[in-house]
Amino acid sequence: MVTLKITSVPDEKPVKLTVDLPAQVFRDLKAYADIIAASGSGGARVDEAHLAVRMIQHFMLEDRVFQRERQRKPDC
């Protein structure tokens, strides 16, 4: 069984942000979404944009320096 760090993507009201990704990053994001769909989400297709949001959230939660600075400067 494959154990990914992100296994589901909750549906939330988004704020629109447009970004340009290198083609390889998009292909990797699509491959990650395909693996999630194949490994336990009931075969449900995961939208790459929603997956990217979860990855960014996860990255910021795991960044200790960011968390520490955010606590020091709550107005950020």
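Here is what the cut-offs are and how they apply
- Residues numbered from 1 in each chain as written.
- Predicted model: local features only at pLDDT ≥ 70, side-chain atom pairs only at ≥ 80, totals over all residues.
- Heavy atoms only, no water.
- Helix = DSSP H or I, 4+ residues; strand = E, 2+ residues; numbered from the N terminus.
- Expected span 1.5 Å × (residues − 1).
- Buried < 20%, exposed > 50% of the residue type's maximum accessible area, 1.4 Å probe, protein only.
- Arc of directions from axis to C-beta.
- Contact = heavy atoms within 4.5 Å.

An unreviewed UniProt entry annotates the chain as DUF2274 domain-containing protein originating from Gluconacetobacter sacchari.

## Thoughts on helix H1 (residues 23–38)
Helix length check: H1 (16 residues) gives 23 Å between terminal C-alpha atoms against 22 Å at 1.5 Å per residue, within 8%. Regarding H1, the residues found buried are Leu29, Ala33, Ile36 and Ala37. Seen from one end, H1 has its buried residues packed into an arc of 100°, which puts them on one side. Positive phi shows up at glycine 40, right after H1, with a value of about 125°.

## A closer look at the side chain of glutamate 48
One can find glutamate 48 in helix H2 (residues 48–62). Setting aside residues up to four positions removed in sequence, glutamate 48 forms contacts with Phe26, Leu29 and Lys30.

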